[in-house]
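# Structure at a glance
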Amino acid sequence: MFDRKKESLLKYLSGEPMPLLAEAGDVKKLFEDVLVSVIFQELETLYGIRIIYNKEILANCIISTRFGHDSLNDKLDVVRQTIGATHKQIDAQIIIEFAGCQ
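The text that follows walks through the structure, step by step, so that each part is easy to find. (Residues numbered from 1 in each chain as written. Predicted model: local features only at pLDDT ≥ 70, side-chain atom pairs only at ≥ 80, totals over all residues. Heavy atoms only, no water.)

When you go through the protein chain residue by residue, the secondary structure sums to 2 helices and 7 strands. Secondary structure elements of the protein chain, listed N to C terminal, follow the sequence β-β-β-α-β-β-α-β-β. Classification of the 102 residues of the protein chain by burial places 33% in the buried group. Here the analysis covers contacts within the protein chain between residues at least 6 apart in sequence; of these, 61% occur between residues at least 24 apart. (Helix = DSSP H or I, 4+ residues; strand = E, 2+ residues; numbered from the N terminus. Buried < 20%, exposed > 50% of the residue type's maximum accessible area, 1.4 Å probe, protein only. Contact = heavy atoms within 4.5 Å.)

In this description, a pair of aromatic rings is defined by centroid distance and the angle of the planes. By the definition in use, this model includes 2 aromatic pairs. Ring geometry for phenylalanine 40 versus tyrosine 53: centroids 5.1 Å apart, planes at 50°, classification tilted. Here the residue phenylalanine 40 occupies a position in helix H1 (residues 36-47), and tyrosine 53 occupies one in the loop between strand S4 (50-52) and strand S5 (62-67), the gap between them amounting to 13 residues. Assessed through its relative accessible area of 1%, phenylalanine 40 is described here as buried. One Lys or Arg, lysine 55, reaches over the ring of tyrosine 53 and ends 5.2 Å from the middle of that ring. (Phe/Tyr/Trp six-rings, centres within 6.5 Å; stacked < 30°, edge-to-face > 60°. Lys NZ or Arg CZ within 6 Å of the ring centre and 35° of its normal.)

Two side chains of opposite charge can pair, provided their charged atoms sit close to one another. Throughout the structure, instances matching the rule amount to 3 salt bridges. The closest approach of N and O atoms between lysine 29 and glutamate 42, which form a salt bridge, is 3.4 Å. Placement of the pair is lysine 29 in strand S3 (residues 29-35) and glutamate 42 in helix H1, with a sequence separation of 13 residues. You can call glutamate 42 partly exposed: its relative accessible area is 30%. (Salt bridge = Lys/Arg side-chain N within 4 Å of Asp/Glu carboxyl O.)

As a further point, take the nonpolar core. Phe40 and Ile96 are the most contacted members of the largest nonpolar core, which has 23 residues in total. Mapped by element, the contributors of at least two residues to this core are S3, H1, S5, helix H2 (72-83) and strand S7 (93-97). (Core = buried A, V, L, I, M, F, W, Y, C linked by side-chain atoms within 4.5 Å.)

Contact geometry for H1 and H2: axes closest at 12 Å, N-to-C directions at 170°. One element, H1, and the other, H2, form an angle in the roughly antiparallel class. Contacts between H1 and H2 involve Val36, Ile39, Phe40, Leu43, Leu46 and Tyr47 on the former and, on the latter, Leu72, Lys75, Leu76, Val79 and Ile83. In terms of residue class, the contact of H1 with H2 is made up of 10 nonpolar, no polar and 1 charged. (Axes fitted to C-alpha atoms, helices over the stretch in contact; angles between N-to-C directions. Parallel < 35°, antiparallel > 145°, perpendicular 65-115°, else oblique. Nonpolar A, V, L, I, M, F, W, Y, C, P; charged D, E, K, R; others polar.)

In C-alpha cells, the structure reads:
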C-alpha cells in the first residue's frame, strides 16, 4: 500500500498467505527429526514469504511434525510452540524470536 503523505510503500501480509502453487497446499508433509531451519526454508519456498531467524541459535534445533492442509499461521504455530518461540510480521516478513532449544 502506498502512503501518499509519507510517500512510502508499506508492505504487509494481507489475510492468510496462500501457497504459490495451489496444489502444493494440498500435499501432506512429514518432517521426522529435521532441523527447524529446513522447515522454515520449505515454508519460505511454499509461500514465497521471507522468514527471518537467528541461524546460529537454531543450528541444532531438531523437531518432528506433520503438516497437512493447515494454513501458514497454523504451521508456524506448531513450530513456534514446539521450540518455544514467538513470531511477528513486519514488512511482509515473518520474524522468529527464539532464545534456544528447550
